[in-house]
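Below are the chains, spelled out letter by letter.
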Amino acid sequence: MKLPLPSRIPILYLVLVVLVAVGVMPLYFYATKVLQMNRDTLERNEKVQQNNVTTTLAQSVAQRSKDINSNLANLTYSVLVTSGNDLSGPRVKSDEVRKLLQNFIGDPDSIVSYARLINAENQFLSVGTIEPDAFLEKELERGLAATRDVRQYNGEPISIGSGPQTRTVMVVSMPVLNDKKAYLGSLELIIDLQYIVQALKEAKDQDQELETFVVDHSGRIVASPNPRYATGQDMKSNELVESFVEQSANARVSVTKEYFLQEGKQKVPMLGTYRSVPGLGWAVVAQKTQDTAYIEIIDNKHDAVRYALIAIAISIFISIWAARRLTTPLHVLTESSRSIAGGDLTQRVRLNSRTEFGELAHSFNSMTDNLERFVDDLKKAAEENRSLFISSIQMLAGAVDEKDPYTKGHSDRVTRYSVLIATEMGMKAEDIENLRISAQLHDVGKIGIEDRILKKPGALTPEEFEIMKTHTTKGANILRGVPQLTEMLPGIELHHESLDGRGYPRGLQGDEIPLLPRIIAVADTFDAVTTNRPYQQAHEPVDALQILHKLAGKRLDEKAVAAFTAVFERGEIRVPRKLPMAPPMVPDPKGSDIAAALETTRI
């Protein structure tokens, strides 16, 4: 007997889930927290680095601007002293003044490319290494106009030259005033802003992925080491530059932010910082893609994920090992209990453990030992009861057979023949056992038939035959009160039914007759015609078999006759030695035909 597996979750899975959860979840949360902390730290460091770069550059540009203004003021004062506070007429072009300006421009540390001194009569002296073009001339005129209004002028950055000679310059102007603050003239300088480009290049040398440039208050390029950015190029499409333009009123603001930069059809995530340059309205901008800015974060994340997966795999492996160690004893107990529940009481739990599982296994085995002894005792008692029951049946059948010396052993032989037929037909063991008991008791009803009829030495009269036919119902009624014999009653009550409907007690025909009485009818008929009776001479077994074939399909079941024939041909049918010859039989009024004779026999 194999019991169906229960539809419940194996405890191995539950233990495994708990162990994995205990081992993996803290590790997961710890790794996630550490990774987030490292990410925050690295992001903060990257932002601080960009802020430091832009702050340093902005301070450098602002300091240079102050130096330029200071040098311009000093140069203006020197011009007044050298000229004796007189720039009128040709005095503006004196050799002393020219030499002063040449020395100022020729200083190796000077970033001035051109100087022009103009008096009130528009006479001027110019010294420099470049020749102003039309754009510079216009810028110089704007500076002159501002100084004549006694205002200092800082112009817009202008790109001059082309190709490798391209340079960015800016015009600065200051009025020349005497001690009485009277306007004597204007001093204009063209400042080379290459020093800013050089500073930006140095910043890029320290971080190749960092892109830096300087924009003015309107968001246009002042200086950039990148050739794709031209002086004066509008950069307000850059979110960071646009943010600076919007906040330009705050001269000391510094902003670091993440944003997207449009590169063709793609938006590239960026991290950038701008720092305003005090006094100029400019801003130093530094930016790089987030992929490069957070490369360490991404690498750390990949390393963390890799190590986390390794740790999780180890944790799961250990959890599986521990779960199996914990659940194997339970599995052994479960399999053993299932085998025992299925009826195998020889099964024992083979478990060596010093834990509670070992104690449970010992108690389980002790219980199984007691249960096996108890079941063995029950089986022994059941077998004894069955033997007693069968013996009682055999004694009852023997008592019936003893009433007539000519039918002695008849019930045993019919039983044996019936079992052989049923086995040949492939009936189940349970059905064969029912058939055995039914065949043994098939004539038990004859115990209620008077001896004068039962032992009559000759054919029965019609009235006597009607009484004889009641032995089938009498037998069924005698045994109907025994519940254990309920399934055997059809064989006892209906074994004289005939397929053609001429049998008794109910006159059933064909498939209306159950299989048990059909088999008993074949065995009963064969034994009746192979034994001597007061009313007939015993036939030879071969002749008796021919009689069965003649009755097959009419009175007897064809399949049962075929099965009996097969058993007979294998030599498994042993016909007992014939009894002594019976007295002369009274002539049968119905003739000598065997089928007709069987109608009034006492089989």
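Scroll up a little and you will see the structure.
This one's a predicted model, so the numbers in the text were calculated from it and none came from an experiment.

Thresholds applied
Residues numbered from 1 in each chain as written. Predicted model: local features only at pLDDT ≥ 70, side-chain atom pairs only at ≥ 80, totals over all residues. Heavy atoms only, no water. Axes fitted to C-alpha atoms, helices over the stretch in contact; angles between N-to-C directions. Helix = DSSP H or I, 4+ residues; strand = E, 2+ residues; numbered from the N terminus. Parallel < 35°, antiparallel > 145°, perpendicular 65-115°, else oblique. Left-handed = near helix turned anticlockwise from the far one by under 90°. Contact = heavy atoms within 4.5 Å. Nonpolar A, V, L, I, M, F, W, Y, C, P; charged D, E, K, R; others polar. Pairing = 2+ DSSP bridges. Expected span 1.5 Å × (residues − 1). Buried < 20%, exposed > 50% of the residue type's maximum accessible area, 1.4 Å probe, protein only. Phe/Tyr/Trp six-rings, centres within 6.5 Å; stacked < 30°, edge-to-face > 60°. Lys NZ or Arg CZ within 6 Å of the ring centre and 35° of its normal. Patch = residues over 30% accessible without salt bridge, like charges linked within 9 Å, V, L, I, M, F, W, Y side chains within 5 Å. Areas by Shrake-Rupley, 256 points an atom, 1.4 Å probe, with all protein chains shown as cover. Salt bridge = Lys/Arg side-chain N within 4 Å of Asp/Glu carboxyl O.

A.B. asks: I tried to follow the packing of helix 10 (residues 429-440) against helix 15 (residues 515-529) on my own but got confused; where do I start?
C.D. replies: Packed helices, taken two at a time, are described by the angle their axes make and the gap between the axes. The contact between helix 10 and helix 15 brings their axes to 10 Å, and the two run at 55°. Considering the angle they form, helix 10 stands oblique to helix 15. In the packing of helix 10 onto helix 15, the handedness of the crossing is right-handed. Together, Asn434, Leu435, Ser438 and Ala439 of helix 10 and Leu516, Ile519 and Ile520 of helix 15 make up the contact between the two elements. Each residue belonging to the contact of helix 10 with helix 15 can be placed in one class, and the counts come to five nonpolar, two polar and no charged.

A.B. asks: Explain the sheet that holds strand 10 (residues 266-277) to me, please; I cannot follow it from the model alone.
C.D. replies: Spatially, 8-7-11-10-9 is the arrangement adopted by the five strands of the open sheet, whose pairing is antiparallel. Each end of this open sheet is capped by a strand with a single partner; those strands are strand 8 (221-223) and strand 9 (254-263). Each adjacent strand pair in this sheet contributes to an overall mean axis angle of 40°, direction not counted. Relative to the sheet, helix 4 (residues 194-206) contacts strand 7 (211-215), strand 8 and strand 11 (282-289), its axis offset from that of strand 7 by approximately 155°. Contacts from helix 5 (residues 239-246) reach strand 7, strand 9, strand 10 and strand 11, with the element oriented near 135° to strand 9.

A.B. asks: Got a minute to help me understand helix 15 in this structure?
C.D. replies: Helical periodicity: at 3.6 residues per turn, an α-helix aligns residues three or four positions apart in one direction. In a regular helix each residue adds 1.5 Å, so 15 residues correspond to 21 Å; helix 15 covers 22 Å between its end C-alpha atoms and thus fits that length. Buried residues dominate helix 15, accounting for 14 of its 15 residues.

A.B. asks: Whenever I open this one, the packing of helix 16 (residues 541-551) against helix 17 (residues 558-569) confuses me. Can you help?
C.D. replies: Relative to each other, helix 16 and helix 17 sit at 160°, their axes nearing to 10 Å. Regarding the angle of helix 16 to helix 17, the classification is roughly antiparallel. The two elements helix 16 and helix 17 meet at a crossing, and its hand is left-handed. Taking contact as the criterion, the partners of Pro541, Val542, Leu545, Leu548 and His549 in helix 16 are, on helix 17, Val561, Phe564, Thr565 and Phe568. The residue makeup of the contact of helix 16 with helix 17, split by class, is seven nonpolar, two polar and no charged.

A.B. asks: Is there a simple way to explain the packing of aromatic side chains in this structure?
C.D. replies: Aromatic ring pairs are described here by two measures, namely the spacing of the ring centres and the angle between the planes. Across all of its chains, the model carries seven aromatic pairs by this definition. Residues tyrosine 417 and phenylalanine 526 carry aromatic rings whose centres are separated by 5.5 Å and whose planes lie at 80° to one another, so their mutual orientation is edge-to-face. Of this pair, tyrosine 417 sits in helix 9 (residues 410-424) while phenylalanine 526 is found in helix 15, placing the two residues 109 residues apart along the sequence. There is no split in this pair, since tyrosine 417 and phenylalanine 526 are both buried. Ring geometry for phenylalanine 526 and phenylalanine 568: centres 6.3 Å apart, planes at 70°, overall edge-to-face. Remark: phenylalanine 568 occurs in helix 17 and phenylalanine 526 occurs in helix 15; sequence separation between them is 42 residues. Of the residues examined, phenylalanine 568 reaches a relative accessible area of 19% and is grouped as buried. Every member of this aromatic cluster is reached through a ring pair, and the members are Tyr417, Phe526, Phe564 and Phe568. The positively charged end of arginine 64 is found above the aromatic ring belonging to tyrosine 195, 4.9 Å away from the centroid. Cation over ring: arginine 116 sits above phenylalanine 124, and NZ or CZ is 5.0 Å from the ring centre.

A.B. asks: Mind showing me how you'd approach a nonpolar patch on the surface here?
C.D. replies: Taken together, the side chains of Tyr307, Ile310, Ile314, Phe317 and Ile318 present a nonpolar region at the surface, about 560 Å² in accessible area. Relative to the helices and strands, isoleucine 310 is located in helix 7 (residues 295-341). On the accessibility criterion, isoleucine 310 (45% relative accessible area) is partly exposed.

A.B. asks: Looking at this structure, I do not really get the pattern of salt bridges. What am I missing?
C.D. replies: Opposite charge on two side chains lets them pair, provided their charged atoms get close. Tallying each qualifying case throughout the model produces 22 salt bridges. For glutamate 211, the salt bridge goes to arginine 228, with nearest N and O atoms at 3.1 Å. Of this pair, glutamate 211 sits in strand 7 while arginine 228 sits in the loop between strand 8 and helix 5, and the two are 17 residues apart along the sequence. Judged by its relative accessible area of 43%, arginine 228 falls in the partly exposed class. Salt-bridge contacts for glutamate 464 lead to arginine 452; the nearest nitrogen and oxygen are separated by 4.0 Å. Here glutamate 464 is found in helix 12 (residues 462-469), whereas its partner arginine 452 is found in helix 11 (residues 451-454), with twelve residues between them in sequence. Several salt bridges converge on common partners, so that one network encompasses Glu450, Arg452, Lys456 and Glu464.

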